[in-house]
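This is what each chain is made of:
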Amino acid sequence: MAELRHPDNAPAEYAALLNALLEAGVDSALDHSLALLAGADATTRERDVAVAEVLLRRAPARAWPTVKALMEADDELARTMVGLLATHFDFGTPFYRHFDECGVAALYRLVARHYPPAEKGEERRHGFMSAWDSIAYLRDGLPRHLSTMGTELAVRLLNELIAEHPQLTQLAYDLTLAERAMRLKAWSPPTPREVLAFADNPFLKLVNSAVDLGAILVEALTKYADTLHGAQTPVRDLWDRQGGKKEVYRPIDENGFTDVIARFLRTELGAKGVFANREVEVGRIPGAPVGRRTDILVNAVRRKSNGEAYDALTAVIETKGCWNGELFTAIDEQLFRDYMVRLRSQTGIYLVGWFETDKWDTTDYRRGQLPKMTVQDVRAELEKQAASLPDDIVIHPIVIECRAPS
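Here's a quick rundown of the structure. (Residues numbered from 1 in each chain as written. Predicted model: local features only at pLDDT ≥ 70, side-chain atom pairs only at ≥ 80, totals over all residues. Heavy atoms only, no water.)

1. With respect to the overall build of the protein chain
Counting secondary structure elements, the protein chain contains 14 helices and 7 strands. As displayed, the protein chain offers around 20100 Å² of accessible surface, 52% of which is attributable to carbon and sulfur atoms. (Helix = DSSP H or I, 4+ residues; strand = E, 2+ residues; numbered from the N terminus. Areas by Shrake-Rupley, 256 points an atom, 1.4 Å probe, with all protein chains shown as cover.)

2. Thoughts on the pattern of salt bridges
What the rule picks out here adds up to 20 salt bridges. We note a salt bridge from Arg-113 to Asp-75, for which the minimum N-O separation is 3.3 Å. A residue pair is termed long-range when its members are at least 10 positions apart, and Arg-113 in helix H6 (residues 101–114) and Asp-75 in helix H5 (residues 75–87) qualify at 38 residues. Using a relative accessible area of 44% as the deciding quantity, one classes Arg-113 as partly exposed. A relative accessible area of 33% means that Asp-75 is categorised as partly exposed. Of the charged contacts, one joins Arg-109 and Glu-164 as a salt bridge, the two residues approaching to 2.9 Å between their closest N and O atoms. Of this pair, Arg-109 sits in helix H6 while Glu-164 sits in helix H8 (residues 152–164); the two residues are 55 residues apart in sequence, bridging distant segments of the chain. (Salt bridge = Lys/Arg side-chain N within 4 Å of Asp/Glu carboxyl O. Buried < 20%, exposed > 50% of the residue type's maximum accessible area, 1.4 Å probe, protein only.)

3. Some remarks on the nonpolar core
Core analysis: the largest hydrophobic core is formed by 120 residues, its most contacted members being Leu-238 and Leu-265. Here the element with the most residues in this core is H6; it accounts for 8 residues. With sequence-adjacent residues up to four places away left out, Leu-265 is seen in contact with Leu-217, Ala-220, Leu-221, Gly-270, Val-282 and Ile-317. (Core = buried A, V, L, I, M, F, W, Y, C linked by side-chain atoms within 4.5 Å. Contact = heavy atoms within 4.5 Å.)

4. Here's the deal with the packing of aromatic side chains
As enumerated under the stated definition, the model contains 12 aromatic pairs in all. Taking 6.1 Å as the distance between ring centres and 80° as the angle between the ring planes, the aromatic pair formed by Trp-323 and Trp-360 counts as edge-to-face. Here the residue Trp-323 occupies a position in the loop between strand S5 (309–321) and helix H13 (330–340), and Trp-360 occupies one in the loop between strand S6 (347–355) and helix H14 (375–387), the gap between them amounting to 37 residues. Judged on exposure class, the residue Trp-323 and its partner Trp-360 are both buried. Members of the aromatic cluster, each reached through a chain of ring pairs, are Trp-239, Tyr-249, Phe-257, Trp-323, Phe-355 and Trp-360. For Arg-366, the ring lying beneath its charged end belongs to Trp-323, and the centroid distance is 4.5 Å. (Phe/Tyr/Trp six-rings, centres within 6.5 Å; stacked < 30°, edge-to-face > 60°. Lys NZ or Arg CZ within 6 Å of the ring centre and 35° of its normal.)

5. Quick notes on the environment of Val-211
Structurally, Val-211 can be placed in helix H11 (residues 210–227). Leave out the neighbours within four places in its chain, and Val-211 touches Gln-346 and Thr-347.

6. What to know about the state of the cysteines
On inspection of all chains with the given rule, the structure shows 0 disulfides. With no disulfide of its own, Cys-322 lies closest to Cys-402 among cysteine sulfurs, the gap being 8.0 Å. Classification of Cys-402 as buried rests on a relative accessible area of 1%. (Disulfide = S-S within 2.5 Å.)

7. Re the side chain of Thr-314
For Thr-314, the location among the structural elements is in strand S5. Classification of Thr-314 by relative accessible area gives buried; the value is 14%. Polar side-chain contacts of Thr-314 include one of 2.9 Å to the side chain of Asn-299. Beyond its immediate chain neighbours, meaning those up to four positions away, Thr-314 contacts Leu-213, Leu-297, Val-298, Asn-299, Ser-345, Gln-346 and Thr-347. (Polar contact = N/O pair within 3.5 Å; in protein donor to acceptor, adjacent residues only side chain to side chain.)

8. Considerations on the packing of helix H4 (residues 60–73) against H6
Between two packed helices, what matters for the description is the angle formed by their axes and the separation of those axes. Here H4 crosses H6 at 25°, and the two axes come no closer than 11 Å. Taken as axis vectors, H4 and H6 run roughly parallel relative to one another. H4 and H6 meet at a crossing whose hand is left-handed. Contacts between H4 and H6 involve Trp-64, Lys-68, Met-71 and Glu-72 from the former and Gly-103, Ala-106, Leu-107, Leu-110 and Arg-113 from the latter. Split into classes, the residues belonging to the contact of H4 with H6 amount to 5 nonpolar, 1 polar and 3 charged. (Axes fitted to C-alpha atoms, helices over the stretch in contact; angles between N-to-C directions. Parallel < 35°, antiparallel > 145°, perpendicular 65-115°, else oblique. Left-handed = near helix turned anticlockwise from the far one by under 90°. Nonpolar A, V, L, I, M, F, W, Y, C, P; charged D, E, K, R; others polar.)

9. Looking at the pairing of S6
The element S6 is largely enclosed, with a buried count of 9 among its 9 residues. Along S6, one buried face is formed by Thr-347, Ile-349, Leu-351, Gly-353 and Phe-355 and the opposite face, lined by Gly-348, Tyr-350, Val-352 and Trp-354, is buried too. Here 9 bridges tie S6 to strand S7 (residues 394–402), and the two strands are oriented parallel to one another. The residue bridging Gly-353 from the neighbouring strand is Ile-400, located in S7. Viewed along the sheet, the connection from S6 through H14 into S7 turns out right-handed. (Pairing = 2+ DSSP bridges. Right-handed = clockwise from strand over helix to strand, strands pointing away.)

10. Points about H5
Counted at 1.5 Å a residue, the expected span for H5 with its 13 residues is 18 Å, and the 19 Å between its end C-alpha atoms agrees. Those residues of H5 that are buried are in contact with helix H3 (45–58), H4, H6 and helix H7 (131–147). Backbone nitrogen of Glu-76 and a side-chain oxygen of the N-cap are separated by 3.2 Å at the start of H5; the cap is Asp-74. (Expected span 1.5 Å × (residues − 1).)

11. Regarding the packing of H5 against H7
Relative to each other, H5 and H7 sit at 90°, their axes nearing to 8 Å. If you check the angle between H5 and H7, you find them roughly perpendicular. The segment H5 lies against H7, with Val-82, Gly-83, Leu-85 and Ala-86 engaging Ser-134, Ile-135 and Leu-138. Per-class residue counts for the contact of H5 with H7 are 5 nonpolar, 2 polar and no charged.

Any functional reading would require information that these geometric values do not contain.
Have a look at this one:
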């Protein structure tokens, strides 16, 4: 300790002494080095980097608040520190494994600020591991570690990171893992009331995940498609008769199509009590720009005994008419990136209204914009696009055939 306190120590000497003392469990060495960092300035940067690097290897949990303040105040020091930490990064036992949730999120913000990830992800070279590769592995491991903690705070912090970096789709996947871990950790069996409800109503569904919610939406929309041309001809809601002519129609616009679907879902999922353990809410996407309000947001919310909402599951339904010019680009660019990532939704429905042309008004410009494809080919193309999205992001393309009223 006397040698450690000597004022003439070079940075490398101080780091070597501190490393030996911390390995031997000398707490006074830790207290002394933290006090040095608390009074650091630009003239001591080289020593501070050497000290902070040892502290984060030997006593990361205790040292992190002080080191974080130092890195946030000095960008040059922060960049140097990130490079050093990445050199020692270990997948099995990362130095931040004893950080709390806020500590992990703060480290990610620091690393991402100085070494931001590319929107599509960096290309890894095979063989030689560069310094940039090491930094990228360190950075990308932080939200993945956060996702394993299984706490409400971890989920909330990942939501905040997504709001700050909406272009990074990998964070949405990490959030999915975090929500799954949280539900496993906080799982409770169905209450007696829910069990009795199942016995009384065979149509009730138990919804515990976004995947469950997506499956129920697919089932409900399939039911809508099956009944569309039934005895009461609800298909009339989707066509406008032209000038009193009996056999000439035009499809309603996309907003009208969305309204019809939303009304059906409110009745099918809400009024009929399809969800045994959650309240279902069906509405429009908040904040959607004018001209793009054709999306439906479905929330399945669990509530505490005091009525407070928690553990909400979210699904987004994007509706398109078959004439839409974005028909084959909107799954990725609009539904996934614009809405599902922003709303932290794991499940989406891409719903296309496919209107037959036999009685479609030939003067309607939309009629000429239909793709020259069969409805089967359209379904196949949309399924292919949905399958190419990141793992655990589930989008169900559904094409509803809307024949003209007879």
